[in-house]
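Structural characterization, general
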Amino acid sequence: AAAVGVAGGAALTGCARADTDADAAAKAAEALPSPTAIGEAQIPFHGERQAGIATPPQAHCVFRAFDLAGAPDNRRDYAATPRLGGDDTKRFAAALKGVLRVWTDDGARLVRGESGLADMDPELAENPARLTLTVGFGPRLFDLIGRPELRPRWLRQLPAFEIDDLDDRFNGGDLLLHIAADDPLTVANASRLLSAGVRGLVVSRWTQQGFRKASGAHPKDMTQRNLFGQLDGTVQPDTGGDLVFCGADEDQEWMRGGSGLVLRRIVMNMATWEEVDPPQRDLSLGRRQSTGAPLTGEHEFDPVDLDAKDKAGLEVIPPQSHVARAHARTPEELFLRRPFNFTSDAGGGDPESGLLFAAYCANVDRQFLPVQERLAEADLLNTWTTPTGSAVFALPPGLGESQAEAGGFLGDGLFT
Ligand code: HEM
């Protein structure tokens, strides 16, 4: 009887466990956000401004740079301007037009969850998951197509900074394609399709993947954390005015509604950061890692007070902290920051971690450069960070629906 009792007991316990597991699984499934809500969400392709700039950032992205096929390889000297004849510039202009038409047509379909023309894998396009693609022009492109007079004055590679350890693999580029979505499969598929569609017209120069907090994993409006654990992206300008998108006073009429992008690949040294205790970390940033509050406040969005002193008469936010150095000193020194984290194989087995630091502004010289210069000169965060890639692009304005119907394409302002 005892043996039966034991066996029966075990059987009963087993049943009860199965029920509990099933209940727990059902509860967990209920707690998940509706998968279709994330997968089916769409961001319109057409509009006055390109999507993917002021759009609330998606969880996954890839930045891809291309050179026009047949242009000299300028990786070693990215400022080099090739000497070109009229036939060359005509050929490059025709190639560029071809690329922009493909990206416009395929992009408009992909963001609706429809596949590109002649695509063999339409199933992969079914989940747009807030897909955006954003196109940009590198400094040399204007020489290649024979229209140097259309280059915005600020569009050039950033000057060399002492903190830099730039790697040719992540610098420059004639064309940028920034693809972002909340589903990494969507990003990978769009990246494959959009590059396959322009094969022969461009050569791939570099590809950099990044990620942010997953959709649905955190409260919607929470600032994302970078890999140092800091809330990153708190202080941002208004995207409605002329700070992020070019207004009428910029030098190039065709750029009105467009934006400038500075993309810096910054490696973060996790091993040495792990040796730093919390108070030192907070002092080097000027904010608390836990809450994101400035050292002169209690909450994340409290104002940064660089003049506040402690009892000993010392600045509460150290003058060499990241926030003190980066804080705008004029109303113009503001830009939109949309950083993406990365971890990638550095070749030695251990991943390399860092930030794809993306800054958007109407005028790089006026808004971004003074801040970057101050950070390069002295910023406590430099102890643990090293810029290894750098590129600047002019992002043309968006394409309105009526312009598209009339045969327009992204960046067609270069051809008028
Ligand atoms: C603020 C991290 C690189 C410009 C911040 C904040 C963090 C942070 C945690 C505070 C919260 C916020 O306002 O977002 C980092 C890390 C970097 C990096 C880890 C490199 C790996 C840069 C670069 C620039 C920059 C390259 C520009 C050249 C700014 C600006 C602010 C800021 C303008 C706002 C300052 C203010 O007005 O309070 N950064 N940052 N950061 N950062 Fe960075």
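Residues numbered from 1 in each chain as written. Predicted model: local features only at pLDDT ≥ 70, side-chain atom pairs only at ≥ 80, totals over all residues. Heavy atoms only, no water.

Structural notes on the overall build of the protein
Assigned secondary structure in the protein consists of ten helices and nine strands. Each principal axis of the C-alpha atoms in the protein carries an extent, and together these give about 100 × 70 × 45 Å. Counting across all 416 residues of the protein, residues that qualify as buried make up 49%. For the protein, long-range pairs separated by at least 24 residues make up 78% of all intrachain contacts whose partners lie at least 6 apart in sequence. Entry remark: accessible area of the protein is about 19800 Å², with carbon and sulfur atoms responsible for 54%. Computed over 41 positive and 59 negative side-chain charges, the inter-centroid distance for the protein is 3 Å. (Helix = DSSP H or I, 4+ residues; strand = E, 2+ residues; numbered from the N terminus. Buried < 20%, exposed > 50% of the residue type's maximum accessible area, 1.4 Å probe, protein only. Contact = heavy atoms within 4.5 Å. Areas by Shrake-Rupley, 256 points an atom, 1.4 Å probe, with all protein chains shown as cover. Lys, Arg positive; Asp, Glu negative; His and termini not counted. Charge placed at Lys NZ, Arg CZ, Asp CG, Glu CD.)

Brief notes about the environment of Ala188
On the secondary structure map, Ala188 appears in helix α5 (residues 184-196). Judged by relative accessible area, which is 46%, Ala188 ranks as partly exposed.

Quick look at the coordination of the iron atom of the ligand
For the iron atom of the ligand, the sole protein-derived donor is His322 (NE2), lying 2.1 Å away. Within the secondary structure, His322 is located in helix α8 (residues 322-326). (Donors = N, O, S within 2.8 Å, 3.2 Å for Na, K, Ca; no water.)

Describing the packing of helix α3 (residues 86-110) against α5
Between α3 and α5, whose axes approach to 10 Å, the crossing angle comes to 155°. Classed by the angle they form, the pair α3 and α5 counts as roughly antiparallel. Where α3 crosses over α5, the two elements pack in a sense that is right-handed. Here α3 contributes Trp103, Asp106, Gly107 and Leu110 to the contact with α5, which in turn contributes Asn189, Ala190, Leu193 and Leu194. The residue makeup of the contact of α3 with α5, split by class, is five nonpolar, two polar and one charged. (Axes fitted to C-alpha atoms, helices over the stretch in contact; angles between N-to-C directions. Parallel < 35°, antiparallel > 145°, perpendicular 65-115°, else oblique. Left-handed = near helix turned anticlockwise from the far one by under 90°. Nonpolar A, V, L, I, M, F, W, Y, C, P; charged D, E, K, R; others polar.)

Comments concerning the packing of aromatic side chains
For the structure on display, the rule yields ten aromatic pairs. One aromatic cluster is present, formed by Phe137, Phe142 and Trp254 through successive ring pairs. Stacked on the ring of Phe340, the Lys or Arg Arg212 has its end atom at 5.7 Å from the ring centre. Against the face of Phe170 rests Arg265, its NZ or CZ located 4.0 Å from the ring centre. (Phe/Tyr/Trp six-rings, centres within 6.5 Å; stacked < 30°, edge-to-face > 60°. Lys NZ or Arg CZ within 6 Å of the ring centre and 35° of its normal.)

Some thoughts on the nonpolar core
Grouped together as the largest cluster of nonpolar side chains are 60 residues, with contacts concentrated most on Trp103, Phe137, Leu175, Ile179 and Phe368. With eight residues, α3 is the single largest residue contributor to this core. Counting 21 residues, the second-largest nonpolar core is a separate cluster that includes Trp206, Phe245, Leu261 and Phe342. (Core = buried A, V, L, I, M, F, W, Y, C linked by side-chain atoms within 4.5 Å.)

Considerations on a negative patch on the surface
Residues Asp305, Asp307, Asp310 and Glu315 make up a contiguous surface patch of negative charge. Tracing the backbone through its elements, the reader meets Asp307 in the loop between α7 (278-285) and α8. (Patch = residues over 30% accessible without salt bridge, like charges linked within 9 Å, V, L, I, M, F, W, Y side chains within 5 Å. Salt bridge = Lys/Arg side-chain N within 4 Å of Asp/Glu carboxyl O.)

Focus on the pairing of strand β8 (residues 351-361)
Of all eleven residues making up β8, nine are buried, and the element is well covered by its neighbours. In this sheet, β8 lies alongside strand β5 (residues 259-268) in antiparallel orientation, the contact comprising eight bridges. Residue pairing for β8: Arg265 is matched across the bridge by Leu356. In this structure, strand β7 (residues 340-345) lies alongside β8, joined through six bridges in antiparallel fashion. Looking at the pairing, Asn341 lines up with Leu355 of β8. (Pairing = 2+ DSSP bridges.)

Considerations on the site of the ligand
In the vicinity of the ligand, 25 residues are found, and the nearest of them are Gly233, Thr234, His322, His327 and Arg337. Here His322 contributes a side-chain N or O atom positioned 2.9 Å from a nitrogen atom of the ligand. Contact between the ligand and Arg337: an oxygen atom at 2.9 Å from a side-chain N or O atom of the residue. Every element with two or more residues in the shell around the ligand is listed here: β5, α8, β8 and α9 (364-377). Looking at side-chain class alone, the shell around the ligand contains 14 nonpolar, eight polar and three charged residues. (Near = heavy atom within 4 Å. Polar contact = N/O pair within 3.5 Å; in protein donor to acceptor, adjacent residues only side chain to side chain.)

Some remarks on the pattern of salt bridges
Within the structure shown, the criterion is met by 20 salt bridges. For Arg192, the salt bridge identified is with Asp119, shortest N-O distance 3.4 Å. Here Asp119 lies in the loop between α3 and β2 (132-137) and Arg192 lies in helix α5, a separation of 73 residues in the sequence. Residue classification places Arg192 among the partly exposed positions, given a relative accessible area of 35%. Note on Asp119: relative accessible area 15%, which makes it buried. The salt bridge partner of Arg366 is Glu250, with a shortest N-O separation of 2.8 Å. A residue pair is termed long-range when its members are at least 10 positions apart, and Arg366 in helix α9 and Glu250 in the loop between β4 (202-211) and β5 qualify at 116 residues.

Regarding α9
For α9, with 14 residues, the first-to-last C-alpha span of 18 Å sits near the 20 Å given by 1.5 Å per residue. Among all positions of α9, only Val364, Gln367, Phe368, Leu369, Val371, Gln372, Arg374, Leu375 and Ala376 are buried. Looking at the buried side of α9, the elements it contacts are β5, α8, β8 and β9 (385-395). With a side-chain oxygen positioned 3.0 Å from the backbone nitrogen of Asp365, the residue opening α9 is Asn363. (Expected span 1.5 Å × (residues − 1).)

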